[in-house]
Amino acid sequence: MFKLPRFALWCLLATCSSACAEERSDELTFERHIRPILRAHCLDCHGAGEELAGGLDLRLVRFMERGGESGAAIAPGDVANSLLLQRVIDGEMPPGNHPVPPAEIEKLKAWVASGAKTSRTEPLELGPGLEITPEEREYWAFHPIQRPSVPVVKSGSRVRTPIDAFLLRELEANEISFAADADKVTLVRRAYLDLIGLPPTPEQVDAFVADERPDAWEQLIDSLLESPQYGERWGRHWLDVAGYADSDGAERDDVRAWAFRYRDWVIRAFNQDMPFDEFIRWQLAGDELASRPLKDLSPLQIDQLTATGYLRMASDGTAAKNDDEARNQVVADTIKIVSTSLLGLSVGCAQCHDHRYDPISHIDYFRLRAVFEPALNYRQWSTPGQRLVSLMTDEQTSLANTIETEAQVKVSERNAKQAEFMEAALQSELGKFDADLRSRLEAAYRAAADQRSDEQKALLETYPSIGKLHPGVLYQYNQKAADELKAIDQQIAEIRAKKPTAEFVHAIVEPTDTPAPTTQLFHRGDYRQPRFEVMPGGLTVAAPEDSPFAIAADDTTLPTTGRRLAYARWLTNGRHPLVARVLVNRFWLHHFGTTFVATPDEFGKLGAPPTRPDLLDWLADEFMTHNWSLKHLHRMIMKSTVYRQQAIGAGQSLATDPSNQLYSRFPVHRLEAEAIRDAILCVADRLDTTSFGPPVDVTADETGQIVVGGEKQRRSVYLQVRRSMPVALLETFDAPVMEVNCGKRTCSTVAPQSLMLLNSDFIRQSAEALATRILAFELNSVASRLQAIWRIVYGRLPTDEELAAAEQFLSEQESLFTTRKIESPTHQAWVDLAQSLLSSNEFLYLE
C-alpha cells in the first residue's frame, strides 16, 4: 500500500482543513499556540522519546483526551477537570526548577476553555518522535531566501543603493528621513577604522578632503579593500566565530605551535575576496578536496589543508586526558562552532533530547555528527600532536636524512670519546681507595641502577665522588675532556642546522585506510548509552521540502567518505535558508554595531526576531548572486546613504527615533578591543606592521596581568591567543576568551575600562611615545602642536574651545610638575594630555 511521507501527510491535511474553513487569526489552536508551549516544557517526557512518562502522549489533542495512567489529561471546555492544567498550575509539571511561565499557563487555560481546538483534522497516526509541523516550517528563518522587490519611496534623491530604499520606506512611514551626509573628515575616519581597523594619517585625511572627483568615496573604499590590512581587520571577525586560539585549552592549555597558519590563511582569503561559498567548503572539507596522497604538497593542497584548521579550533585537552568523555566533548564543541557560525542555531540543545523550542530533533543532531565522525572518530582518536601534517617534501626529507647520517658519524665519535673520558675519570677516582674498597665501589658503579643491592646503593651514597660520577659532571673531573666533548657537540649542531626547517599544518585529515565509523545515537547525549545507528545528513527543517539532504552512501569516487564535502556543497548551493542570512547579518553588524537579528548565532525561537527580514533577504540574495563576494557587499553597504549619514540626530527624527532603531542616523558604536589597541599603537607610532607568522608571545607582568612587551608592537590579530592567559587590555574591552567560540561580542561600559586607560603601562607608554612624537615636530607654538596632536588622534583640527581648554590644561600641569620638581615638566604635561585624548570617547568610538 502506498504511504504518504509524514510531512506530505501534514500538508495534505492542512490543505483540506484550510479548504473547509479559514482559521481565525485570534483563535487559539493547538498547532500554532499550544504545541510550542508543550514542546518547550512537556514533550521531552511525553512524546519525544521512546518511552512515555505515565503513559501520557501530548503530541495530539486526541492523545491528550485519551490520557495516560492517571486518566485524561484535558477535558475540552472544562478547565477545572483538566488534570494536565491542574498539574501545571500547581507547579507539579514539569518537574524541576523551570515552571511554565504564568502567561503561557493563561494561554493553556484559555485554549482548553474554548474547546481545545485544532487548526485542522489530526493525522490518523504518528511515527516516533516529534514531527515537523507546517507551523514550524512557517518560521521565518526556515523559509527559502527570495529576493524581494526594492520599495519605491518618495525621497528618491536619498537612495544611493537599494539598501536605502528598504530603510527609507520605514522612515517615511514615520514621517522622517535620513540625517544629512557626514562631512568628509568624519567619513574618511569611519572608512579607515571600519575596513582596516586603523585611523587615517593627517596626510590621508587631507588627500580625501581635497579629492573632488565625483567617485572619490568609491575610490577610497576600493583602495582600503585592496589594503593588506583589510584582511587583518575583517579576518579577525571570522576568527571569533571560528573560535580561534593558539592553545588547546583544558587544564594544561598546551600551546598550538602551528595554529597560526589557519589565522594567516583566513587573512589572505579575506584579502583575496575568496568567494565565501568556497571559503566555507575549504574549511569544512579541504582535506577531501586536496588530491591524495598528501606528499610533496603543492601550495593549493597546503591551503586546503590549512583551511580545515577551522575544525581543529575547539578546545582539545586529549593530549593530557585522552578518554572517551574528553574526546566526545571535542566533537560536541566542534559541532557547536559549525552550527552557530554557519547555521545560526543552537543545535547543541538537541544533543541530549529534541530541541525544546526549534524543530531540531535528537536524531538530527546525530545525523549532523555522522557527517563529521569519519574525521573526528572518538573510537580511533588522534590527539592534537598527532593531527599535525608535515610540509616536508620528499626531496627535503632525503636531504635531512643525508645530513643526519653525517651527524651520526660525529655522534658516534663523541660517544666513544665520552666513554673513554668517563672510564679514565672513574679509574682516577678509584685509585684513591684501597684495593678491597676499590673493588666494591667499581662493582656498585658498573651495576645497572635498577639492579643494585641496598648495600651497593649505600656505598655509592657514602662515596659521592664515585656515586655521583656521570657525563653531566665530567667537567669536575677533567675540564679539558669536557671542553673537547662540548666542541664536538657544537660540530653536531652545526651539521644538523643544515637540515630543512620542519614545518607543519594544524589540520583535519580524514583517514583513508579504515572503514567509516558507525555513528550511533547516544541516549540523553551519553556516549555510554548508544542506541541505534544514524546515517549522515543535515537538519531536516533547514532542507527545502523538495531537496532534503541525506547521505545514503559514501562517495566512492573519493579516497575519503566525502561526507563533509557533500554537506559543505549542500550548505553553499544557494538554496539553504540559513547560511547566507547568517553571514550577511554578521557583516552588517560589523559595519553598524547593530543588526537585523540581534542574536547572530541564534536565529531560532530562543533568539531575537528579525527587524527587517526583507532587507536581510535582499542582502543575502545579493551576496550569493555576486559570487558570494564580501567585498561587493562592503561596497554596496558603504556607498549607501544610511552608511554615509552623520551620527547626530536632531528635531523630529530624534524625537521619533530616539534609540535609532530606524537608522535615521549612523549608529555610534565602540571599537572592538583589538581595534582600540591597534589604533593607539598607530597614532603613537609604535605599530609594527609586519604581517603573518608565529604569534607574539604574551607574558604576565609583576602584577599578574597578561601583557605584550616591546616598544614596537604588532597588530592584535598576531598576538598569542592563550585561553588561560587573555591579554588584560583586550579582555577588559570585551575581547572573548575562547571557551568554544564567540558569535557576538558584548560591548560593556564598566569601571575597569576607565582604570585600564588610567593605569595601564601600555597606555602610559603609548602616551609617552605620542607626546615625544609631537614635541619632535619643528613647530614654534603650543597651538600648532595641539593642532598636530588633534589631527593625529581624531583626524580633525581642534575647535577654539578645545584649543583654549588644552592650552590651559598644559599650563596647569606644567606648573604642577615644576612645583613638585618632577623631571621634564613640559614633556610630562604633554604625556598627560596625550593619555587624555587616547582615553576619550571620540577616539574609542566610531561615529
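Parameters and conventions
- Residues numbered from 1 in each chain as written.
- Predicted model: local features only at pLDDT ≥ 70, side-chain atom pairs only at ≥ 80, totals over all residues.
- Heavy atoms only, no water.
- Helix = DSSP H or I, 4+ residues; strand = E, 2+ residues; numbered from the N terminus.
- Expected span 1.5 Å × (residues − 1).
- Buried < 20%, exposed > 50% of the residue type's maximum accessible area, 1.4 Å probe, protein only.
- Polar contact = N/O pair within 3.5 Å; in protein donor to acceptor, adjacent residues only side chain to side chain.
- Core = buried A, V, L, I, M, F, W, Y, C linked by side-chain atoms within 4.5 Å.
- Contact = heavy atoms within 4.5 Å.
- Salt bridge = Lys/Arg side-chain N within 4 Å of Asp/Glu carboxyl O.
- Axes fitted to C-alpha atoms, helices over the stretch in contact; angles between N-to-C directions.
- Parallel < 35°, antiparallel > 145°, perpendicular 65-115°, else oblique.
- Nonpolar A, V, L, I, M, F, W, Y, C, P; charged D, E, K, R; others polar.
- Phe/Tyr/Trp six-rings, centres within 6.5 Å; stacked < 30°, edge-to-face > 60°.
- 1 Å grid on protein atoms, 1.4 Å probe; cavity = no way out; pocket = protein on both sides within 12 Å on 5 of 7 lines; lining within 4 Å.
- Points joined across faces, edges and corners; volume = space filled by probe spheres on them.
- pLDDT = per-residue confidence, 0-100.

A. Looking closely at helix 8 (residues 184-195). The end-to-end C-alpha separation of helix 8 is 16 Å, in line with the 16 Å expected for twelve residues at 1.5 Å each. Counted residue by residue, helix 8 has nine buried out of twelve residues, so it is predominantly covered. Those residues of helix 8 that sit buried are Leu 187, Val 188, Arg 189, Arg 190, Ala 191, Tyr 192, Leu 193, Asp 194 and Leu 195. Backbone nitrogen of Val 185 and a side-chain oxygen of the N-cap are separated by 3.0 Å at the start of helix 8; the cap is Asp 183. Just downstream of helix 8, Gly 197 is the residue with a positive phi angle, here 75°.

B. Geometry of the nonpolar core. Of all hydrophobic cores here, the largest spans 181 residues; its most connected members are Trp 238, Phe 276, Leu 284 and Trp 588. Among residues more than four places away in sequence, those in contact with Phe 276 are Trp 238, Phe 270, Leu 583, Phe 587, Phe 623, Asn 627, Trp 628 and Leu 630.

C. Structural view of the pattern of salt bridges. Tallied over the entire structure, the rule returns 61 salt bridges. Of the charged contacts in the structure, one is a salt bridge between Arg 367 and Asp 364, with a shortest N-O distance of 3.2 Å. Placement of the pair is Arg 367 and Asp 364 together in helix 16 (residues 362-372), with a separation of three residues, close to one helical turn. Take Arg 367: its relative accessible area is 16%, and that puts it in the buried class. Connected via shared salt-bridge partners are Glu 232, Arg 677, Asp 678 and Arg 715.

D. Up close: the packing of helix 16 against helix 23 (residues 563-571). Contact pair helix 16 / helix 23: the axes reach a minimum separation of 7 Å and the direction vectors enclose 120°. When the axes of helix 16 and helix 23 are compared, the pair comes out oblique. Contact residues: Leu 368, Ala 370, Val 371 and Phe 372 in helix 16; Arg 563, Arg 564 and Tyr 567 in helix 23. Its residues assigned to classes, the contact of helix 16 with helix 23 comprises five nonpolar, no polar and two charged.

E. Expanded view of unusual backbone geometry. A cis amide bond links Met 93 with the next residue in sequence, Pro 94, at an omega value of -5°. Residue Arg 292 is joined to Pro 293 through a cis peptide bond whose omega torsion reads 0°. Structurally, Pro 293 can be placed in the loop between helix 13 (276-289) and helix 14 (299-307). Notably, Asn 660 is not glycine yet its phi reads approximately 60°, a positive angle. Tracing the backbone shows Asn 660 in the loop between helix 28 (651-656) and strand 5 (669-670). On the basis of relative accessible area, Asn 660 is assigned to the buried category, the value being 11%. For Asp 685, which is not a glycine, the phi torsion comes out positive at approximately 60°. With respect to the secondary-structure elements, Asp 685 resides in the loop between helix 29 (673-683) and strand 6 (687-688).

F. Fine view of the packing of aromatic side chains. Under the definition given, this model contains 38 aromatic pairs. A centroid spacing of 6.1 Å and a plane angle of 80° characterise the contact between Phe 372 and Tyr 567, whose relative ring orientation is edge-to-face. One end of the pair, Phe 372, is in helix 16; the other, Tyr 567, is in helix 23, and 195 residues separate them in sequence. Ring centres of Phe 587 and Phe 623 lie 5.6 Å apart, and the angle between their planes is 75°; this geometry places the pair in the edge-to-face category.

G. Broad picture of helix 24 (residues 579-592). Here helix 24 contains 14 residues, and its C-alpha end-to-end distance of 20 Å stays within 8% of the 20 Å for a straight helix at 1.5 Å per residue. Residue Gly 593 follows helix 24 closely and has a positive phi angle near 80°.

H. The arrangement of empty space enclosed by the protein in detail. Inspection of every chain in the model, using the stated rule, returns eight cavities of 30 Å³ or more. The computed volume of the largest cavity comes to approximately 220 Å³. Forming the walls of the largest cavity are 19 residues, and the residues nearest its centre are Glu 674, Val 721, Leu 730, Ala 735 and Pro 736. Tallied by class, residues from the lining of the largest cavity come to eleven nonpolar, two polar and six charged. Put simply, the second largest cavity is a space of about 100 Å³.

I. Layout of the confidence of the model for the protein chain. Of all residues in the protein chain, 97% have pLDDT values of 70 or greater, and the mean over the chain is 93. For the stretch residues 1-23, pLDDT sits under 50, and the model shows 33 contacts to residues farther than four places along the chain or on other chains.

J. Structural context of the environment of Pro 559. Note that Pro 559 resides in the loop between strand 4 (530-533) and helix 23. Of the residues examined, Pro 559 reaches a relative accessible area of 44% and is grouped as partly exposed. The spatial distance from the C-alpha of Pro 559 to the C-alpha of Pro 471 is 51 Å, given a sequence separation of 88 residues. Apart from residues no more than four positions distant in its own chain, Pro 559 is found in contact with Arg 292 and Thr 512.

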